[in-house]
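# Structural overview for review
So you can see what is in the structure, the chains are spelled out below.
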Amino acid sequence: MGSPLAVQPGRSAPRTKEPGWRSSPTLLFVPALLILIPVFLVPTAVMISKSFTSNHGAFGYYQDLFGSELARTVFVRSFEIAGLVTLISLAIGLPYATVALKAGPRLRALLLGSIAASLFFSVIVRAYAWLALLGKDGPVVGSLGLLGLDTHELTLSHSRTAVILGMVQYGVPFMVLAIIDVLRRVDGNIDRAAATLGAGPVTRWTRVTLPLIAPGVIAGITIVFTTSLGYFVIPAVLGSPREQMVGQLISTQVGTTLEWGLGAALSATLLAISLTAILVFRRIGNRFGGA
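Residues numbered from 1 in each chain as written. Predicted model: local features only at pLDDT ≥ 70, side-chain atom pairs only at ≥ 80, totals over all residues. Heavy atoms only, no water.

Quick look at the overall build of the chain now. Counting its regular elements, the chain contains twelve helices and zero strands. Order of helices (α) and strands (β) in the chain, N terminus to C terminus: α-α-α-α-α-α-α-α-α-α-α-α. Taking all 291 residues of the chain together, the buried fraction comes to 35%. Across the chain, every contact between residues at least 6 apart in sequence was considered, and the portion connecting residues at least 24 apart equals 70%. Here the chain displays about 18,300 Å² of accessible surface, and carbon together with sulfur accounts for 67% of that area. (Helix = DSSP H or I, 4+ residues; strand = E, 2+ residues; numbered from the N terminus. Buried < 20%, exposed > 50% of the residue type's maximum accessible area, 1.4 Å probe, protein only. Contact = heavy atoms within 4.5 Å. Areas by Shrake-Rupley, 256 points an atom, 1.4 Å probe, with all protein chains shown as cover.)

Here it is as structure tokens:
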């Protein structure tokens, strides 16, 4: 007696119905595109188009931008602050993620919960909290006075130091979450295997663990650097007009001087720089991932 699944002589095998376009996974992107197009793509296209409406030619605003000493200074300052914030966030976030993952269940929940909880507070609230902490009569200056330092004219608010502190607090959670997502997928047996072969803790960390979590590190660096480069709220609250960043300069051109075309050129330039940074970091991450 033959199997009921066997194909009878003279009969063709039943054809399986191929999935149609309705079952395509591409349809899952449609809701996101319906939001992304009117909310992001259309305003971005309008903004870029305004940057080519100068009376001195299509690239008139860009000529004014690249010929402006103020714009060059602001861009360089923004790069310096964003780079410093990224390095400090990495120096804090990498060991924090490592300790949190290797800690016990209760301590791990406390550490990760603290990071997650910081994201629920408004950026404006955190910025003004730093303003109170670093002000002339704040606890930070008062603590320095207890150490014997002259704090009569000392104020840390409205300075580059205040901006960096505020932006580091904003960047560390994203750095930790990006690193720990990759770190938790690293097989612990690899580290133990390296230890049995005679590798010390430093060697295991630099030669084994770090290359494995490099994609997470690059992802964290990309997120923190690109968001810090064009951030507006924290520099506006904690900074000063002499230490303004690109976001503040764009706001001034659009909201104060009403130079919409020049503000659009600044925004388009910042967008191009951010996309270039993302592509560079992605290329570096792919190189580590394929190593």
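Next comes the rest of the write-up.
This paragraph deals with the pattern of salt bridges. Tallied over the full model, the rule gives five salt bridges. As a salt-bridge pair, Glu69 and Arg72 come within 2.6 Å of each other at their nearest N and O atoms. Of this pair, Glu69 and Arg72 both sit in helix 3 (residues 69-102), three residues apart, which is roughly one turn of the helix. Given the relative accessible area of 52%, Glu69 is considered exposed. Ionic pairing is found between Glu80 and Arg160, a salt bridge with its closest N-O pair at 3.4 Å. With Glu80 in helix 3 and Arg160 in helix 7 (residues 160-183), the pair connects residues that are 80 residues apart, well separated along the chain. The partly exposed category is assigned to Glu80, whose relative accessible area is 44%. Salt bridges linked by common partners bring Arg77, Glu80, Arg160 and Glu243 together as one network. (Salt bridge = Lys/Arg side-chain N within 4 Å of Asp/Glu carboxyl O.)

Bringing the confidence of the model for the chain into the picture now. The share of residues in the chain with pLDDT of 70 or more is 88%, and the mean pLDDT across the chain is 82. Ranking the elements of the chain by mean pLDDT puts helix 6 (residues 139-146) last, at 73, and helix 3 first, at 91. (pLDDT = per-residue confidence, 0-100.)

Right, let's get into the packing of helix 4 (residues 105-118) against helix 7. In contact at an axis separation of 9 Å, helix 4 and helix 7 are set at 130 degrees when each is read in the N-to-C sense. It follows that helix 4 is oblique to helix 7 by the angle criterion. Every pair of crossing elements has a handedness; the one defined by helix 4 and helix 7 is left-handed. Mapping the contact onto sequence places Leu112, Ile115 and Ser118 in helix 4 and Val172, Pro173, Val176, Leu177 and Ile180 in helix 7. Classifying every residue of the contact of helix 4 with helix 7 by side-chain character gives seven nonpolar, one polar and no charged. (Axes fitted to C-alpha atoms, helices over the stretch in contact; angles between N-to-C directions. Parallel < 35°, antiparallel > 145°, perpendicular 65-115°, else oblique. Left-handed = near helix turned anticlockwise from the far one by under 90°. Nonpolar A, V, L, I, M, F, W, Y, C, P; charged D, E, K, R; others polar.)

Our next topic: the packing of helix 3 against helix 7. When two helices pack together, their arrangement is captured by the angle between the axes and the distance separating the axes. The N-to-C vectors of helix 3 and helix 7 enclose an angle of 45 degrees; their axes lie 6 Å apart at closest approach. The angle between helix 3 and helix 7 places the two elements in the oblique class. With respect to the hand of their crossing, helix 3 and helix 7 are arranged in right-handed fashion. For the contact of helix 3 with helix 7, the class distribution of residues is 21 nonpolar, five polar and three charged.

Here the focus is helix 7. Its 24 residues place the ends of helix 7 33 Å apart at the C-alpha level, agreeing with the 34 Å of an ideal helix rising 1.5 Å per residue. Bending of helix 7 peaks at approximately 30 degrees at the position of Gly171, with proline Pro173 no more than four residues after it. Burial runs high along helix 7: 17 of the 24 residues are buried. (Expected span 1.5 Å × (residues − 1). Bend = angle between axes of the 7 residues up to and from the residue.)

With twelve residues, helix 5 (residues 123-134) extends 16 Å from end C-alpha to end C-alpha; this agrees with the ideal 16 Å at 1.5 Å per step. Looking only at helix 5, the buried set comprises Val123, Arg126, Ala127, Trp130 and Leu134. With its buried residues spanning 100 degrees around the axis, helix 5 presents them on a single face. As for helix 5, its buried residues are in contact with helix 4, helix 6, helix 7 and helix 10 (233-238). (Arc of directions from axis to C-beta.)

Glycine aside, negative phi is the norm for most residues, and most peptide bonds take the trans geometry. Notably, His158 is not glycine yet its phi reads approximately 55 degrees, a positive angle. Secondary-structure assignment places His158 in the loop between helix 6 and helix 7. Of note in this structure, Leu258 is not a glycine but carries a positive phi near 60 degrees. Counting through the fold element by element, Leu258 comes out in the loop between helix 11 (246-256) and helix 12 (260-289). Residue classification places Leu258 among the exposed positions, given a relative accessible area of 56%.

Before going further, it helps to spend a moment on the side chain of Thr226. With respect to the element layout, Thr226 can be found in helix 9 (residues 201-229). Exposure remark for Thr226: the relative accessible area of 18% places this residue in the buried category. One polar contact links the side chain of Thr226 to the main-chain carbonyl oxygen of Thr222, over a distance of 2.6 Å. Of note is the side chain of Thr226, whose polar atom sits 3.3 Å from the backbone oxygen of Ile223. (Polar contact = N/O pair within 3.5 Å; in protein donor to acceptor, adjacent residues only side chain to side chain.)

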